[in-house]
Structure formats: C-alpha cells, structure tokens
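The residues making up each chain are set out below.
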Amino acid sequence: MITLKEKYREYFKLGTAVSVGTIKSHAELITTHFDSITCTNEMKFSSLCPLENSYRFEHADAIAQFARDNSLALRGHTFTWHNQTPPWVFENTNREGLLARLKNHIEVVAKRYQNDIYCWDVVNEAIADKGQDVMRKSPWTDIIGEDFMDHAFRFAREALPNTDLYYNDYNETHSPKREHIYNTIKGMLDRGVPIDGVGLQCHISIYSPDQDQIRRSFELYAKLGLKLQITEMDVSMFRHEDETRLPAPTPELLELQAKAYGAAFEVFREYKDCVDSVTLWGVADDDTWLDYFPVHNRKNWPLLFDEQHAPKEAFHRIVDF
Ligand code: XIL
C-alpha cells in the first residue's frame, strides 16, 4: 500500500497529533504514514508547568525521543493560549509581571527542545470568532493588552533564531474572522514582528466549508508571503452542536467525508509552494478529541484510519489523484 508521506513527498510534510499513549498504541501507523508529529497536549503550558516553578518534562520528552528515534519532524504546540494555561500564570501579577512569566516560559521550553522542534505555535487562537472585536478577550489581553502577541513572538525569536514561528487559529475560512487573522498578521509584519507562518487548524465537517471557501481563504493567506501549515485537520461527521449519536458511520457519511478530504487536499496541493505541512489532529478514529467536544460522548469518526486502524475511503481519496 502506498503511504501518505511517500505520496506527498513532493508536496508537503504529512503530520499527525500524538500523545504519550498513541506513540505506543498507534506507533505503526504513525511511523508508516507520517513524517511530522505534534504533541496533542504534552507541550501546553498546563502540562509542562502546572504550578509555579514546577516544570515536568517527562511526557513531552518521551515524544521528543520518539520523534528522534523515528526521524520525524516535530511541531511545537503551543506557548501562548487562553486554554490549558495554569491559573498561577495569571494570579498576583500585572503587565510587566505577566510578560516576564511569558518570556521565562518561552525561554525554558524553547531551549529544551531547540534541536528537536522545527516550528512553534507561538500564539494559539487569539482572534475572536464573532462580533466587532478582532482580538479575543482573555487574561492575556486583560493583563498585558493586545500587544501580548508581538511580545510573545519577539521572545520566541530571541530564544529561537532559526525555528519557524507560527500564529495558529481555527475557523480560518470563516468571514470576517479570516480577514481579521489576515489583517492582524499583516499588521505584525508591518511592525517588524518576527513571524514565519500561519497555522490553519482545519477542524472542518462534512458540511462545511466547501472547496470554494477553502480556496478563497488560501488565496488571501498566500498574499502574506509567509509559510502556511494545516495544523489540526479533522472532518467531523456532524454539524457542530448536533446531538445525534450513531453506532457506526453510514456508507453515505463515509463517502461525504471522503469528498470533503479530497476537495480540501486538492486545494492544499494547488498551494504546495506555500504549504509546508498538513497535520491531522489524531491518527485513527479510536482516539479523537471529537468524541468529547463539542458534544460529550458523541462518537465521531473524523480521521483517515478507522477504529481498527484500516485506511478509510477518505485515505484512498487523498492518495488517488
Ligand atoms: C485539544 C486536545 O485534542 C484535547 O485532548 C484537549 O482536551 C483540548 O485540546 N485547538 C487546539 C488544540 O489548538 O490544542 C486542541 O486540542 C483542539 C483545538
């Protein structure tokens, strides 16, 4: 059988999100089909430093070791986010104090993995979804202000002169969020803030976005002249808050999913000159965050391999072109 990474060698790196568990349970699929990995949770602030001055690197180290052992590229995810940041970070502090904590965190983690990680999501999901505001309200904006992004990227560049620095977000094909992301990054570039790429999460569903919407978004982001990465792709079988539960995916759903994957990958290939990697948010359907989010215990089947680790129709669709 053809492998994903071989098929896409001329295009971009093919990645998958892994955990300390799946580097064991899904090792064969990971090393056969992918040439890049991302830690699902293990490198987030709350996993690395749940209490002040208490770094614990065991899980993240295990994944870095797995990447080295199998010659896999490793993406860093993520330094600065409104979720999965431990409460102590925002307590008893002010703008200067929080900037100092952020700088210290970036330095410590960046240095530890500087020889393992080729790109970092420096800031994750800082743009608002709806409404008039461009920036999402969070403790970062409340305590530091909207320039927290600029600072995070400058701290990261100081620590990592040769690592690609990314801004990463979801709903990246939705208007006006799409324009807000574009304008924010453009503003950073105009101010001379060091940034190398934009991460497009691509948590989509079989219903939307359509191929046109994806293509229009790439047209826009490509104008930034930066690298683009698809960082967290999965294709849900359900509309966002649909409470339907199914015992198994129907053939019709599997076909719609194959179409959605096929259409998206067609656009990724068209933009291969700026697309640096495409990462799936998980390996196989037996281990996906979409079983719990946004509807708890709604089994979903959003990936390219089924619960038995066999390739699905979506897999065949993206390798047959
Ligand atoms: C998710 C993980 O997959 C879950 O295990 C965790 O409980 C919550 O976070 N956007 C991101 C990722 O940038 O870090 C999120 O990962 C999914 C949405």
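Read on for an overview of the structure. Note that this is a predicted model, so its numbers are computed, not measured.

Turning our attention to the site of the ligand. What surrounds the ligand is a group of 13 residues, the closest being Lys44, His77, Asn124, Glu232 and Trp281. Here Gln84 contributes a side-chain N or O atom positioned 3.3 Å from an oxygen atom of the ligand. Gln201 is positioned such that a nitrogen or oxygen atom in its side chain is 3.3 Å from a nitrogen atom of the ligand. For the ligand, whose accessible area on its own is 420 Å², the fraction buried by protein is 77%. Residues that form the shell around the ligand fall into these classes: three nonpolar, seven polar and three charged.

What the rule picks out here adds up to 23 salt bridges. The salt bridge involving Lys227 is made with Asp164; its shortest N-O contact spans 2.7 Å. With Lys227 in strand E8 (residues 227-236) and Asp164 in strand E5 (residues 164-169), this residue pair connects regions lying 63 residues apart in the sequence. We classify Lys227 as partly exposed; its relative accessible area is 33%. Measuring nitrogen to oxygen at the nearest pair gives 2.8 Å for the salt bridge that ties Glu255 to Arg317. Remark: Arg317 occurs in helix H12 (residues 313-319) and Glu255 occurs in helix H11 (residues 251-270); sequence separation between them is 62 residues. Residue classification places Glu255 among the partly exposed residues on the basis of a relative accessible area of 30%. When salt bridges that share partners are traced, they join Glu255, Lys259, Glu313 and Arg317 into one network.

What counts and how
Residues numbered from 1 in each chain as written. Predicted model: local features only at pLDDT ≥ 70, side-chain atom pairs only at ≥ 80, totals over all residues. Heavy atoms only, no water. Near = heavy atom within 4 Å. Polar contact = N/O pair within 3.5 Å; in protein donor to acceptor, adjacent residues only side chain to side chain. Areas by Shrake-Rupley, 256 points an atom, 1.4 Å probe, with all protein chains shown as cover. Nonpolar A, V, L, I, M, F, W, Y, C, P; charged D, E, K, R; others polar. Salt bridge = Lys/Arg side-chain N within 4 Å of Asp/Glu carboxyl O. Helix = DSSP H or I, 4+ residues; strand = E, 2+ residues; numbered from the N terminus. Buried < 20%, exposed > 50% of the residue type's maximum accessible area, 1.4 Å probe, protein only.

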